[in-house]
Amino acid sequence: MIYQTFAELYDELFDPAMYDQWLDFVRRELPDQSGEVLELACGTGRLGVMLAGAGYHVTGLDLSDNMLALAEQHAEEAGVALPLLEGNMLDLSAIGTFSAVTCFADSFCYLTDIDQVQQAFTQVAAHLTADGKFLFDVITPYQTDEVYPGYMYNYRDEERAFMWTSYAGETWHSAEHDLTFFIWNADKQAFDEVSELHQERTYELDQYRQALQAAGFSHVKVTADFGQAEPDVHTTRWFFECEK
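Residues numbered from 1 in each chain as written. Predicted model: local features only at pLDDT ≥ 70, side-chain atom pairs only at ≥ 80, totals over all residues. Heavy atoms only, no water.

When you go through the chain residue by residue, the secondary structure sums to 7 helices and 11 strands. In terms of overall size, the chain behaves like a compact globule, its C-alpha atoms giving a radius of gyration of 18 Å where 244 residues would be expected to give roughly 18 Å. For the chain, the spread of C-alpha atoms along the principal axes amounts to about 60 × 40 × 30 Å. Across the 244 residues of the chain, 48% fall into the buried class. (Helix = DSSP H or I, 4+ residues; strand = E, 2+ residues; numbered from the N terminus. Rg over C-alpha atoms; globule rule 2.2 N^0.38 Å. Buried < 20%, exposed > 50% of the residue type's maximum accessible area, 1.4 Å probe, protein only.)

Written out as structure tokens, the structure reads:
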């Protein structure tokens, strides 16, 4: 139950404006809504629900059953169809083919190394139609090296508190996020504490390009600001539009 509450609080605290921006990005890049879209690392389904509401046929996949339970709840509340799969992006062998695959919120940055990133890209390519499109984002080395170290965020209400502290990671272009939740337990008349250490790692742009090429993507466009600008040295997140 505490990890379900963890997922719920994470869901509540995530900036809702970003979902609007991801939705706009997808709508610009995928104007044809007739195909099947796979959303990797769909989390609590906020974006998937919005995509379904906009007319896309979208399926969500995530590792976390707690996140998927919330995604199912959000889909029911919105009255949209959102098929959900529990699975690992490193092995998509059990699912079919899609005309588009998306993966946002720098989810690829939670993989262990660039070899795993390439493995995920290869899985995407294998489950994408010949003319399909792959859309994703990752944080940049500027974000891990300059922005995250020393970052802190705190939240508190009557029943819950949340502390987020970020540090530079031990490996090149990496960051560690120490997330601690305090959740009031009425039976014990005390707070339950649950902590998670999130580790992110990113790479130079050329490394992503090489991994995409090795996976079979020959057309790759990289932008900033949700596809609205050209990247520069202070870009915090890259957006990729890829085709085979």
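What follows covers the pairing of strand β7 (residues 160-168). Bridge count between strand β6 (residues 152-156) and β7: 5 bridges; the pairing is antiparallel. Counterpart to R156 in the pairing with β7 is A161. Taking the residues between adjacent antiparallel strands as the criterion, β6 and β7 are bridged by 3 residues. Pairing between β7 and strand β8 (residues 174-185): 9 bridges, direction antiparallel. Across the sheet, M163 pairs through a bridge with T180, a residue of β8. (Pairing = 2+ DSSP bridges.)

Our next topic: unusual backbone geometry. Despite not being glycine, D225 has its phi angle at roughly 50°, a positive value. Within the secondary structure layout, D225 lies in the loop between β10 (219-223) and β11 (237-243). Given a relative accessible area of 45%, D225 falls into the partly exposed group. The phi dihedral of F226 is positive, around 55°, even though this residue is not glycine. Locating F226 in the fold gives a position in the loop between β10 and β11.

Before going further, it helps to spend a moment on the sheet that holds strand β1 (residues 36-40). Strands sit in the order β3-β2-β1-β4-β5-β11-β10 across an open sheet of 7 strands; the sheet is mixed. At either margin of the open sheet sits one strand with a lone partner, and together these are β3 (84-86) and β10. Sheet twist, expressed as the average angle between the axes of neighbouring strands with direction ignored, equals 15°. Taken together, the 3 bridges between strand β2 (residues 57-62) and β3 define a ladder with parallel strand orientation. (Axes fitted to C-alpha atoms, helices over the stretch in contact; angles between N-to-C directions.)

What follows concerns the layout of surface pockets. Within this model, the second largest pocket holds a volume of roughly 180 Å³. T171, S174, Q199, E200 and R201 are, among the 13 residues lining the second largest pocket, the residues nearest its centre. Put simply, the parts of the chain that give the lining of the second largest pocket at least two residues each are β8 and β9 (190-201). (1 Å grid on protein atoms, 1.4 Å probe; cavity = no way out; pocket = protein on both sides within 12 Å on 5 of 7 lines; lining within 4 Å. Points joined across faces, edges and corners; volume = space filled by probe spheres on them.)

Quick look at a negative patch on the surface now. Judged by side-chain charge, D145, E146, E204 and D206 come together as a negatively charged surface patch. In this structure, D206 sits in helix α7 (residues 205-215). (Patch = residues over 30% accessible without salt bridge, like charges linked within 9 Å, V, L, I, M, F, W, Y side chains within 5 Å. Areas by Shrake-Rupley, 256 points an atom, 1.4 Å probe, with all protein chains shown as cover. Salt bridge = Lys/Arg side-chain N within 4 Å of Asp/Glu carboxyl O. Lys, Arg positive; Asp, Glu negative; His and termini not counted. Charge placed at Lys NZ, Arg CZ, Asp CG, Glu CD.)

Before going further, it helps to spend a moment on the pairing of β9. When β8 meets β9, the two strands line up antiparallel, connected through 12 bridges. Directly across from F182, in β9, lies its bridge partner E193. Linking β8 to β9, which pair antiparallel, is a turn of 4 residues; within it Q189 sits at a positive phi near 55°.

Attention now goes to the sheet that holds β8. The strand order across the open sheet formed by 4 strands is β6-β7-β8-β9, and the pairing between neighbours is antiparallel. Only two strands of the sheet have a single neighbouring strand rather than two, namely β6 and β9. Geometrically, the sheet is characterised by an average inter-axis angle of 10° between neighbouring strands, direction not taken into account.

Bear in mind that shape data such as this cannot, by itself, settle questions of function.
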